[in-house]
Each structure stands twice: as C-alpha cells, then as structure tokens.
Amino acid sequence: MLVLLGALAACATLSAREETLVPFQDRQVRVKVPDTYLFAAGRTESGILTVKINDPLHRIDLVVSFFPDATGRMATDDGQRGFVADASRQFAEGSVEMSYDFQELKPRAGAGLYCVFTDATLVRKLPLPPGEYLKVTSGVKAWPGCFILFTLLSNDTTSGEYQAALKLIQESFEEKELPAKPPA
C-alpha cells in the first residue's frame, strides 16, 4: 500500500508541459502532458485529430481522438452511453466482464463517462507479451460543440501511471479561450 501511495504522490507532482491543439477551426484545446511522457499528435486520413500519450516505461498507452458535436449528442448521458457502447463493443465482447459498467468521468470541465474491460485472452498469460495490455478503459469527455473519445490501455487500474493518465483526461483536454478578435 505504501508503494502505491508513493507512486501516486510521484505522479501527482510531475511537472507538465502544455500542448496546444487545434482540432477544428477556431477551437483550441490545451493538454498538460507530464514532462517525461511521450506525446504525438496527427490527423487521420479523414481529418480527425488524434493524440497518443505514453509513460516512459510504456505501462500505459493513451489514445484520444477529437470529434465535433454540433447537434449536442454528447450533451446527454444517454448519448454518451450509446456512443461508448458502440465504440467499445469489441472490447466488451472479448472481455471477462462481457458487459458495460459505466463510470462517471467527473472532469473538471464538461461531462463524460467510461468503462473498464479486462481482455479475456490475456488473463492467464503472465508475463504479458510486449505491447499487450490486460485492461482497456474506453470513454468520452464532452463539452459544448466537441467531444473526445479516449482509449487507455494498461495492465491494471491502480498504478500511478494509470491514475495519472485518468487525471490527465479529467483535468486536461480542455478548450482554451481564444484571444478576442479586434473589432472590424
């Protein structure tokens, strides 16, 4: 227990750098990435901005994609549940849980939820093959006009790295105020 508390304290005190992303025209999002974490951002062929974040020891693998939400679909709990269920169906079907246990994300700004799945094919394969993860956390974080879909791969949900990544989703990935445009 002391080791876990020490790891959480260490992650909580990590210094961070701020990355600014432009997922859509006239929208900027800030992401505070712990200094030692690897960060990459790019666009898919369809133009979706996707971010990948890894801790230095590759204990977690976080992928976040940005989507517009002009209709406000993600503004409701039902909309979020339906989207997460559709987006994570493959994880649920291959999991030990074989179901969705929706958890509230509790972000600093916006709203969101997520589910955690245990990969049934990896339960008895210790040590795990490199690049394979036992746990998949899949969810959304929404704010007016925009939302992110995130997938967090890890081998447990109690490690300092996992907790730091979940906190990053809760407290970061927030829209930045754009400077006021001068009057025309």
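Summary of the structure given here. The residue count restarts for each chain, going from 1 along the sequence in the order it is written. Two thresholds apply to this predicted model, a pLDDT of at least 70 for residue-level local features and 80 or more for giving and counting side-chain atom pairs, whereas whole-chain, interface and lining totals are computed over all residues. Each side-chain value is worked out from all heavy atoms of the structure, with water and hydrogens disregarded.

### Some words on the packing of aromatic side chains
Here's step 1: For Phe, Tyr and Trp, rings pair up if their centres lie within 6.5 Å, where Trp contributes its six-membered ring, and each pair is then called stacked (planes under 30 degrees apart), edge-to-face (over 60) or tilted (otherwise). Taken as a whole and judged by the stated rule, the model has seven aromatic pairs.
Here's step 2: Between Phe83 and Phe147, the aromatic rings sit 5.0 Å apart at their centres with planes inclined by 80°, giving edge-to-face as the arrangement. Placement of the pair is Phe83 in helix H2 (residues 77–87) and Phe147 in strand S9 (residues 145–154), with a sequence separation of 64 residues.
Here's step 3: Categorising residues by exposure relies on relative accessible area from a 1.4 Å probe, with only protein chains included: less than 20% of the type maximum marks a residue as buried, more than 50% marks it as exposed, and the intermediate range marks it as partly exposed. Overall, the relative accessible area of 16% leaves Phe83 in the buried class.
Here's step 4: The buried category is assigned to Phe147, whose relative accessible area is 5%. Only DSSP runs of H or I covering at least 4 residues are called helices, and only runs of E covering at least 2 are called strands; the numbering of each starts at the N terminus.

### What to know about the nonpolar core
Nonpolar side chains tend to gather and get buried jointly when the protein is soluble and globular.
Here's step 1: Residues belong to a common nonpolar core when they are buried Ala, Val, Leu, Ile, Met, Phe, Trp, Tyr or Cys residues joined through side-chain atoms within 4.5 Å. Within the largest apolar cluster, 27 residues are counted, with the highest numbers of intra-cluster contacts made by Ile53, Leu62, Val64, Phe66, Ile148, Phe150 and Phe173.
Here's step 2: Mapped onto this core, the elements with two or more residues apiece are strand S1 (16–24), strand S2 (27–34), strand S4 (49–54), strand S5 (60–69), S9 and helix H4 (160–171).
Here's step 3: Among the elements that line this core, the one with the most residues is H4, at six residues.
Here's step 4: When near neighbours in sequence (up to four residues on either side) are disregarded, Phe150 contacts Leu62, Val63, Val64, Leu105, Leu113, Tyr114, Thr137, Ser138, Gly139, Val140, Lys141 and Ile169.
Here's step 5: If you look at the next biggest cluster of nonpolar residues, it comprises eleven residues, including Phe83, Cys115, Phe117 and Val140. Contacts were defined at the residue level, with two residues in contact if any of their heavy atoms lie within 4.5 Å.

Honestly, that's just the spatial picture; any functional story needs more than this.
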